[in-house]
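Each chain, written out:
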Amino acid sequence: MIKIIKERLPPEVRVARDAQNLLIECCVEFINLILSESNEFCDREERRTIAPEHLLKALQVLDLTLFVVLEYIEEVYVAYEQHKLESMSSHPVSFF
């Protein structure tokens, strides 16, 4: 997280250690919120693995599409579809 902070800010800007720790704690809580909602979708579908679709549904249900800005949510879907295609082509299925 600290690396991301340093990459996104101009080099002359510094972030206090307390601010870094607070930001990290906020990120942890954000991830917990999304995972909790995603897990509910898994339970409803009687699945044991959280899939990307569950995460995307959680973002929508929690109305975090506004938080993630609507233009970026479309990029998330496109990136996910591209990842699925790349995963299928890099892991050929063998029937032997």
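First things first, this report covers the structure right here in the doc. (Residues numbered from 1 in each chain as written. Predicted model: local features only at pLDDT ≥ 70, side-chain atom pairs only at ≥ 80, totals over all residues. Heavy atoms only, no water.)

## Some details on helix H2 (residues 17–44)
Spelled out, the test is: Here a strand is any run of E in DSSP of at least two residues, a helix any run of H or I of at least four, and the numbering for each starts at the N terminus. Multiplying 1.5 Å by the residue count of a helix minus one yields the expected span of that helix. Residue burial is assigned from relative accessible area. The probe radius is 1.4 Å, only protein chains are included, and a residue is buried under 20% of its type maximum, exposed over 50%, and partly exposed in between. Residue contacts are defined here by distance: any two heavy atoms, one from each residue, within 4.5 Å place the two residues in contact.
The terminal C-alpha atoms of H2 lie 41 Å apart, and with 28 residues this matches the ideal 40 Å at 1.5 Å per residue to within 8%. Along H2, the residues classified as buried are Gln 20, Ile 34, Glu 37, Ser 38, Phe 41 and Cys 42. Buried residues belonging to H2 abut helix H1 (2–8) and helix H3 (52–61). Just downstream of H2 lies Glu 46, where phi reads positive at about 55 degrees.

## Comments concerning the nonpolar core
So the rule is basically this: Take the buried Ala, Val, Leu, Ile, Met, Phe, Trp, Tyr and Cys residues and link them wherever side-chain atoms come within 4.5 Å; each set so joined is a nonpolar core.
Ile 34, Leu 56, Ala 58, Leu 59 and Tyr 80 form the largest nonpolar core, which has 5 residues in total. Not counting chain neighbours up to four residues away, the residues in contact with Tyr 80 comprise Pro 52, Glu 53 and Leu 56.

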